[in-house]
Amino acid sequence: MPTVLACITGLFVVSALSLFLARHRAATPVVYGACLAISLTLCAVSLLSIGQTSSEVVLPLGIPWLGAHFRLDPLSCAFLAIINFGAASASLYALGYGRHEAEPARVLPFYPAFLAAMNLVVVAYDAYSFLFSWELMSLASWALVMARHRAAKTAYAGFVYLIMAGFGTFALLFAFGLLAGTHGDYAFAAIREHHLSPGLAGLVLVLAVGGAGSKAGLAPLHVWLPLAHPAAPSHVSALMSGVMTKVAIYAFIRIAFDLMGDPSWWWSLPALLLGGATAAIGVLYALMETDLKRVLAYSTIENVGIIFIAIGLALAFKANGLAGAAALALTAALFHALNHMLFKSALFFGAGTVIVATGEQDMERLGGLIPRMPVSSAAFLAASMAISALPPFNGFASEWLIFQSILVSPQLPQMGLKLLVPAVGVLLALAAALAAACFVRAFGGTYLGRPRTTAAAEAHEADRWSLAAMLICAALCLLAGLFPGIIIDWLQPVPAAFVAGHMPPQADIPWLSIVPVSASRSSYNGLLLFGFVVAAACLAAAMVHRFASRTVRKAPFWDCGYPGLGVVAQYSATSLAQPIRRVFATVAFAAREQVEMPAPGDPRPATLRRFLRDPVWDFMYAPIASAVGAAATLLNHIQFFTIRRFLSFVFTALVVLLVVLALWG
């Protein structure tokens, strides 16, 4: 624990020094290099400490009679590893990407503070330290979102993010207040001893879902993600999407599995319902977008929904005393959180290299980047396959574990859960299938075909630091899919501590297979599958070269018999999504299309316009915004009151308060 606190202090020192050094030319490599070294140290400590005895430190900070409690236990270690590997890869990427930052002084001081705050959240062991770190994390990330503050979209994104962050903090503040009760001791050890009535437990659960869910991007509290992620620098977007959302998931697991005591079966309902809906809605949103970073942001919402499905299953199994099944579901949730950090970091890094090379992030203005950016496109392709849950990559391994958890759900005694869990499984399968379509579209629209603009045609490969970060993340996506048993065994101290169960030791299983429940039920071998894929590909290539012509002939693109149409004749991101848009978005987003055909003889091209509406914004946030605007307009008249009207207003308010007090008494 002292090493962890020393590293976090080091990040704060780097943040303070960068305030003075930010305008110096060497500041960018110094700050990101220091963050890389400290993050790697924290990652190594967490990897080695997860199976050891928990250690606690109390510092004389904060409230005098409470102090600041910090503790390193298996759950903290698992999330410290996720945070700091993501931070290390982002820092490595930023060594090259950061040189393109127009105003480094608006990024460098807040970047180390953001990393330090995220680490503090997962080691905080009292409500005061937790909420202080949580708010510091929110403010530092808000400052990073506002790095390019002159753009109107950035200001709006920062405004919405600040409101949602404030809502989440207030929800968690009230949740901890209810958890602590009236004795006033906010240390987690004391909170754990306070037993809640069923009514209060339900209220705390709703507040925890609201507080953690707003930061994680759980629908319908997700509105800030597609605004904030495109506005922030790409390495910050990778951290916010791949790491900060996991800190919110940590907060929900800490409250629901640790601080609230023994769960009831109905505690799983919010996580299952909102998780299933979030997974399906997130991927549908992603399929409708053409902005590459907004596609990735909506994909994060989908993956947060997948993780919450697994957490809901773990709660249901734990409440019914099914420790082995609960361990399987909780392990699947943590494994998918780790995997999402890896492939989403690689994808945001890839989006950053595209923006640096072309200045564009709209897929309709890209295309044809493979020959110009071969290494980064290969890493982006590997990460796209991983997030689409294609074997043998890591996304398949963790989602397969979640499906195995769903398959053991008939053991649950509650009829409601027996009906609900398969329905959620259908949503999960739908989300997985649509995610594959989404990333075929993202990769095809960005890298395949012919360049749609001059900027895309003149693109160049990224720098070596950015390529190294992308390749490391992509390689780990493959390795985690080939050898998932190593990660599953490493995570086992967490379910052992929080659901009193564990999966079968995977290291004892021959041939590097993984067995979630028993060998007679199901097993998976990523290495064998990878060998089959490689052998099949080599055999197909050999057959083609053996029986087909060896001559390579280059010919013009097929133009459907209409030569001279140029790049507009090829498939675009919008046209690739048209079939799915017509099936799903007509109902989900009130989508409609408008075709404008020129009159005969008019040489102008026909145009297709599409219109989408966000039902969450229309029915949930727009009425609130309208009500606040109307109230502000009404209250604005008060400043024009005369003194006589002010006195009458105060007198009337006083009379009303006295009447209320009289009736109350």
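To be clear, the structure that these remarks concern was listed above.
Since the model is a prediction, treat every value here as computed from it, not as a measurement.

*Asks:* How should I be thinking about the overall build of the protein chain in this particular structure?
*Replies:* Each helix and strand in the protein chain was counted, giving 25 helices and four strands. Relative to the globule expectation of 26 Å for 665 residues, the C-alpha radius of gyration of the protein chain, 27 Å, shows essentially globular dimensions. Along the first, second and third principal axes, the C-alpha atoms of the protein chain reach 95 × 75 × 60 Å. Taking all 665 residues of the protein chain together, the buried fraction comes to 53%. By sequence separation, contacts in the protein chain at least 24 residues apart represent 79% of the contacts at least 6 residues apart. Summing over all exposed atoms, the protein chain offers an accessible surface of approximately 29,000 Å²; the carbon and sulfur share of this is 70%. In the protein chain, 37 positive and 28 negative side-chain charges are present, and the distance between their average locations comes to 7 Å.

*Asks:* I would appreciate a short explanation of the nonpolar core in the present structure.
*Replies:* It is characteristic of soluble globular proteins that their nonpolar side chains tend to be buried jointly. The biggest cluster of nonpolar side chains holds 212 residues, and the ones touching the most others in it are V123, F130, F176, M240, F252 and F257. When residues in this core are grouped by element, the largest group, 22 residues, is from helix α13 (residues 323-358).

*Asks:* Would you mind showing me how to read unusual backbone geometry here?
*Replies:* Backbone phi values are negative for most residues with the exception of glycine, while trans is the configuration of most peptide bonds. In this chain, A219 is followed by P220 through a cis amide linkage whose omega measures 5°. Its place among the elements puts P220 in the loop between α8 (198-216) and α9 (225-231). Look at A389: it is not a glycine, yet its phi comes out positive at around 60°. Topologically, A389 is positioned in the loop between α14 (374-387) and α15 (394-407). Using a relative accessible area of 13% as the deciding quantity, one classes A389 as buried.

*Asks:* How should the packing of aromatic side chains be read in this particular structure?
*Replies:* The geometry of an aromatic ring pair is captured by two quantities: the separation of the ring centres and the angle between the planes. For the structure on display, the rule yields 19 aromatic pairs. Summarising the aromatic geometry, the rings of F130 and W134 are spaced 5.7 Å apart at their centres and angled 20° between planes, so their arrangement reads as stacked. Pair noted here: F130 and W134 are both in helix α5 (residues 127-145), with a separation of four residues, about one helical turn. Considered together, F130 and W134 belong to a single accessibility category, that of buried residues. With a centroid separation of 4.7 Å and 10° between ring planes, the pair formed by Y285 and Y298 is classed as stacked. Of this pair, Y285 sits in helix α11 (residues 268-288) while Y298 sits in helix α12 (residues 292-319), and the two are 13 residues apart along the sequence. For the pair shown, Y285 and Y298 are each scored as buried.

*Asks:* Please explain the pattern of salt bridges as it appears in this structure.
*Replies:* Any two side chains of opposite charge can pair if their charged atoms end up close together. Inspection of every chain in the model, using the stated rule, returns ten salt bridges. The partner of R71 in a salt bridge is E56, and the shortest N-O contact between them spans 3.6 Å. With a gap of 15 residues between them, R71 in strand β2 (residues 68-72) and E56 in strand β1 (residues 55-59) connect regions that are remote in the sequence. The class for E56 is partly exposed, based on a relative accessible area of 38%. Put simply, E596 and R609 hold a salt bridge, and the shortest N to O gap is 3.2 Å. Taken together, the residues E596 in strand β3 (residues 592-596) and R609 in strand β4 (residues 607-611) connect sequence positions 13 residues apart. The exposure class assigned to R609 is partly exposed, which follows from its relative accessible area of 41%.

*Asks:* What exactly am I supposed to notice about the packing of helix α10 (residues 234-259) against α12 here?
*Replies:* Helix packing geometry: the angle between the two helix axes and the distance between the axes. Taken N-terminus to C-terminus, the directions of α10 and α12 make an angle of 15°; their axes are 11 Å apart at the nearest point. Comparing the axis directions of α10 and α12 gives the class roughly parallel. When you trace α10 past α12, the crossing you get is right-handed. For the pair α10 and α12, contact is made by S234, S237, S241, T245, K246, I249, F252, I253, A256 and F257 and by K293, T300, V304, I307, F308, I311, A314, L315 and K318, respectively. Residue composition of the contact of α10 with α12, grouped by class: eleven nonpolar, five polar and three charged.

*Asks:* Looking at this structure, I do not really get a nonpolar patch on the surface. What am I missing?
*Replies:* Residues V13, L17, L19, F20 and L21 make up a contiguous nonpolar surface patch of about 540 Å² in total accessible area. Structurally, the position occupied by V13 is in helix α1 (residues 2-21). Residue V13 is classed as partly exposed on the basis of its relative accessible area of 43%.

*Asks:* Help me understand the packing of α8 against α10, please; the structure alone is not making it clear to me.
*Replies:* Relative orientation of the contacting elements α8 and α10 amounts to 170°, with a least axis distance of 8 Å. Classified by the angle their axes make, α8 and α10 are roughly antiparallel. Helix-helix and strand crossings are classified by hand; for α8 and α10 the assignment is left-handed. Contact residues: V204, L205, A208, V209, A212, K215 and A216 in α8; M244, T245, A248, I249, A251, F252 and I255 in α10.

*Asks:* Just checking my understanding: could you explain the environment of Y97 for this structure?
*Replies:* With respect to the helices, strands and loops of the structure, Y97 is situated in helix α3 (residues 74-97). Residue classification places Y97 among the buried positions, given a relative accessible area of 6%. Y97 sits 259 residues away from V356 along the chain, and the two C-alpha atoms are 8.1 Å apart. If near-sequence neighbours (up to four positions away) are discounted, Y97 is found in contact with R148, P233, S234, H235, G352, V356, D463 and S466. Among the polar contacts made by the side chain of Y97, one reaches the main-chain amide nitrogen of S234 at a distance of 3.1 Å.

*Asks:* In this structure, what is going on with helix α16 (residues 415-447)? I would like to understand it.
*Replies:* The periodicity of an α-helix, 3.6 residues per turn, causes residues three or four places apart in sequence to face the same way. In this model α16 runs 48 Å from its N-terminal to its C-terminal C-alpha over 33 residues, within 8% of the 48 Å that 1.5 Å per residue would give. A positive backbone phi angle near 75° is found at G449, which sits one or two residues after α16.

*Asks:* What am I meant to see in the pairing of β2 here?
*Replies:* Sheet faces and side chains relate simply in a regular strand, where the side chains alternate between the two faces. A large share of β2 lies buried, amounting to four of its five residues. The sheet contact formed by β1 and β2 spans five bridges and is antiparallel. Residue pairing across strands places L59 opposite A68, the latter belonging to β2.

What counts, and at which threshold
Residues numbered from 1 in each chain as written. Predicted model: local features only at pLDDT ≥ 70, side-chain atom pairs only at ≥ 80, totals over all residues. Heavy atoms only, no water. Helix = DSSP H or I, 4+ residues; strand = E, 2+ residues; numbered from the N terminus. Rg over C-alpha atoms; globule rule 2.2 N^0.38 Å. Buried < 20%, exposed > 50% of the residue type's maximum accessible area, 1.4 Å probe, protein only. Contact = heavy atoms within 4.5 Å. Areas by Shrake-Rupley, 256 points an atom, 1.4 Å probe, with all protein chains shown as cover. Lys, Arg positive; Asp, Glu negative; His and termini not counted. Charge placed at Lys NZ, Arg CZ, Asp CG, Glu CD. Core = buried A, V, L, I, M, F, W, Y, C linked by side-chain atoms within 4.5 Å. Phe/Tyr/Trp six-rings, centres within 6.5 Å; stacked < 30°, edge-to-face > 60°. Salt bridge = Lys/Arg side-chain N within 4 Å of Asp/Glu carboxyl O. Axes fitted to C-alpha atoms, helices over the stretch in contact; angles between N-to-C directions. Parallel < 35°, antiparallel > 145°, perpendicular 65-115°, else oblique. Left-handed = near helix turned anticlockwise from the far one by under 90°. Nonpolar A, V, L, I, M, F, W, Y, C, P; charged D, E, K, R; others polar. Patch = residues over 30% accessible without salt bridge, like charges linked within 9 Å, V, L, I, M, F, W, Y side chains within 5 Å. Polar contact = N/O pair within 3.5 Å; in protein donor to acceptor, adjacent residues only side chain to side chain. Expected span 1.5 Å × (residues − 1). Pairing = 2+ DSSP bridges.

Bear in mind that shape data such as this cannot, by itself, settle questions of function.
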